[in-house]
Each structure stands twice: as structure tokens, then as C-alpha cells.
Amino acid sequence: MSGLLSPGTKVRVRDDWPETRGPCHIRTPHYLRGAEGVVEKHLGAFPNPEDLAFARPASRLNLYHVRFVPQAIWPDAGGEALVVELYETWLEAA
Amino acid sequence: MSEVLETPSDRLLAAVRQLLTDKGVVSREEISERIQATDAATPAQGARMVAKAWVDPAFRARMLADGAKAAEELGIPMRGMPPLGVLEDTAEEHNLVVCTLCSCYPRAVLGYPPFWFKSAAYRARAVRDPRGLLREFGTELPQAVKLRVVDSTADYRWMVLPLRPAGTEGWSEEQLAAVVREGDMIGVTFPKVS
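For an interface, size is often stated in terms of accessible area lost upon the parts coming together. All names here are of chain B. Domain annotation of chain B identifies domain 1 (9-39) and domain 2 (42-186). Domain 1 puts five residues into the contact, and the matching count from domain 2 is six residues. Each partner contributes to the roughly 380 Å² buried at the junction of domain 1 and domain 2, and carbon and sulfur atoms together form 41% of this total. The tally of links between domain 1 and domain 2 comes to one salt bridge. With a closest N to O distance of 3.0 Å, Arg 79 and Glu 33 form a salt bridge.

Now the structure itself:
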């Protein structure tokens, strides 16, 4: 998703698995692929680590703290909230 | 006459340092400066920030807004370090930090991570069974307190600003800093007054 997302926006993490297609460097944990969460905070914009890792020119991406309900990921999970840093390119509208 | 034992990694390090300085990427002085800053980084630095935040509400607000700037105010070198985010514990909510992908850690203010922080067991359980994990650290989190787990996956490094323990009224910053441990700023334990 592009454009600045405001706190409270519902998002879904792309259910994408680039690691099945070749070498890559991804900062989005496996357990979140396809999960739905809520934007908590915009953390700034940073060069895309997926390009930085391969010394390619990296565009700056918005980075967000996104909050998830742990039990929606693992039914037996403990804890009330799981908050993860995610880049805008991994988020889609939910 | 003693012979210095040189490992392949020593030779690699020496070669990389030589190249970096030959090519003018960094100077020898900058490398020494960074080594000194890395060696000086210990949990005592983070503890100083926590103690100041407990006694100085204006500093606390600045620290929550920008951890790196607040660290620099206390003379902690942050140049070239990732942004530092500070997670505020309240009576209603407790924060726990993990890096499930690797071992992202706020080294500038906490030093080297404890060995367990990088273990697969800690990284897996912190997100799925955090209350069980806390119990193993001897931390009984009341059911009424919400547990917020922060998975440090990208550009930020995170530290917890714990609650000031009871029984520390009137204490100096130095006394307060002395009760703040590494685990308290990761969120696996709470500062305790013995």
C-alpha cells in the first residue's frame, strides 16, 4: 500500500513467499504472511532492505508498527498484542 | 619470545581494516572510536536512561519520542546507530522485545545481547507463549496486565522503559539506575528492590 497510512488502518500482510523463487532478504516474518492487523504508528521511511542486501539501489519505503492479535495467528498463543515493523510494500488493504 | 597466534578471522579483519582506510572509507581514528563506543556500551547506559526517565518527566517525554536523541543527551554515542524506540510500560500493559528473524538488539544502550536472546527457543516462544516464557524468568505477570510483544524486524531497535518499583521513593538517579538490569529493558523481568 502506498500513501501514508494513518493509525487504525486495517491491513493484511501479503501472502507472498519470495524465498520460494530465489535468493532474497526479507524482514517480514513467515508467521505473518496473510495475517490481518491494524496500523499502530508510522515509524519513518527507510531504504528497502530487500535491495540493500544485494547492493542494489534502494528506494525509501514507509515503515509501520502494525499490531496483530496473536490468537489469530496461533490459536494457543499467549499475550494480548503482537507488534511488528513492516514496510508498506508488504501491506495490502484488509 | 612469544609467538602471537593469528586466526584466519584476524587476518580477514586486518585486511578489511587496511582496505577501508586505504580507500578512505573510514579513518583509523574512526575505527578506534567505534571500537571504544562498542566496548563502552553496557546495560548500565540503558539503566541511566531509565532512571532519568523515572525522575524527570520532561526527559521521559523526549525519550519516548526519540530514544536516540535522549541517549545522546546523556552522552551515549548514537552516531551511525539505528533509531532507538522506547516502549513504555504502564500499570495496564507490559512490553516484551524479541527479534524472531535474527538478533536485532539496541546495542548502543544495552551492549551485547545475552546469549538466550539469540536462541531459537527464545525467539519462537516470545511471540507464541510469552507468559510461559516470562514465568521461566521468574516473572509472574498478573492476568489483568496486557502483554504486548514487539518483534524487532526492521530498522528500529527497541528497549523497554519499565515501571519504577515501589519502595524507591526519594532515591537518587544513581541509586535507581543500580536496580535496572538488562532483562528489565528487554521485558523478561521487572526491576526489583531487594
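From this point, the narrative continues.
Turning our eyes to something else, we now look at the pattern of salt bridges. Taken as a whole, this structure holds 18 salt bridges over all chains when the rule is applied. In this structure, the salt-bridge partner of Glu 36 of chain A is Arg 12 of chain A, at a minimum N-O distance of 3.4 Å. Of the two residues, Glu 36 of chain A sits in strand β2 (residues 36-47) while Arg 12 of chain A sits in strand β1 (residues 10-13), which places them 24 residues apart along the sequence. Put simply, Arg 128 of chain B and Asp 76 of chain A hold a salt bridge, and the shortest N to O gap is 3.1 Å. Taken together, the positions of Arg 128 of chain B in helix α7 (residues 120-128) and Asp 76 of chain A in the loop between α2 (70-73) and β4 (81-87) put the pair across two chains. One network of salt bridges, with partners in common, ties together Arg 12, Glu 36 and Glu 92 of chain A.

Residue and element names in this part refer to chain B. This structure, assessed with the given rule, holds eight aromatic pairs over all chains. Here Phe 117 and Tyr 122 contribute two aromatic rings whose centre-to-centre distance is 5.6 Å and whose plane-to-plane angle is 35 degrees, an arrangement assigned as tilted. An aromatic cluster is built from Tyr 105, Trp 116, Phe 117, Tyr 122 and Phe 137, whose rings are joined through pairwise contacts. When the ring centre of Phe 59 is taken as origin, the NZ or CZ atom of Lys 52, which lies over that ring, is 5.7 Å away.

Strand order in the open sheet made by the seven strands is β5(A)-β1(A)-β2(A)-β3(A)-β4(A)-β3(B)-β2(B), with mixed pairing throughout. Of all strands in the sheet, those with a lone pairing partner are β5 (91-93) of chain A together with β2 (93-98) of chain B, marking the two edges. Strand after strand, the sheet turns through a mean of 35 degrees between neighbouring axes, direction not considered. In the sheet, β1 of chain A pairs with β2 of chain A via three bridges, with the strands oriented antiparallel. Among the inter-strand pairings, Arg 12 of chain A is bridged to a residue of β2 of chain A, identified as Glu 36 of chain A. Against the sheet, α7 of chain B makes contact with β4 of chain A together with β2 and β3 (146-151) of chain B, and its axis sits at roughly 150 degrees relative to β2 of chain B, the strand it touches most.

Glancing now at the nonpolar core. Within the largest apolar cluster, 63 residues are counted, with the highest numbers of intra-cluster contacts made by Phe 68 of chain A together with Met 49 and Tyr 122 of chain B. In terms of residue count, helix α3 (residues 43-55) of chain B provides more of this core than any other element does, six residues in total. If we ignore the near neighbours within four places in the chain, the residues touching Phe 68 of chain A are Val 13, Leu 32, Ala 35, Glu 36, Gly 37, Ile 73, Glu 80, Ala 81, Leu 82, Val 84 and Leu 86 of chain A. Within the second largest apolar cluster, 13 residues are counted, among which are Tyr 87 of chain A together with Leu 87, Val 150 and Tyr 156 of chain B.

Thresholds applied
- Residues numbered from 1 in each chain as written.
- Chains lettered and ligands numbered in written order.
- Predicted model: local features only at pLDDT ≥ 70, side-chain atom pairs only at ≥ 80, totals over all residues.
- Heavy atoms only, no water.
- Domains from an automatic or database assignment.
- Contact = heavy atoms within 4.5 Å.
- Buried area = accessible area lost by both parts, 1.4 Å probe.
- Salt bridge = Lys/Arg side-chain N within 4 Å of Asp/Glu carboxyl O.
- Helix = DSSP H or I, 4+ residues; strand = E, 2+ residues; numbered from the N terminus.
- Phe/Tyr/Trp six-rings, centres within 6.5 Å; stacked < 30°, edge-to-face > 60°.
- Lys NZ or Arg CZ within 6 Å of the ring centre and 35° of its normal.
- Pairing = 2+ DSSP bridges.
- Axes fitted to C-alpha atoms, helices over the stretch in contact; angles between N-to-C directions.
- Core = buried A, V, L, I, M, F, W, Y, C linked by side-chain atoms within 4.5 Å.
- Buried < 20%, exposed > 50% of the residue type's maximum accessible area, 1.4 Å probe, protein only.

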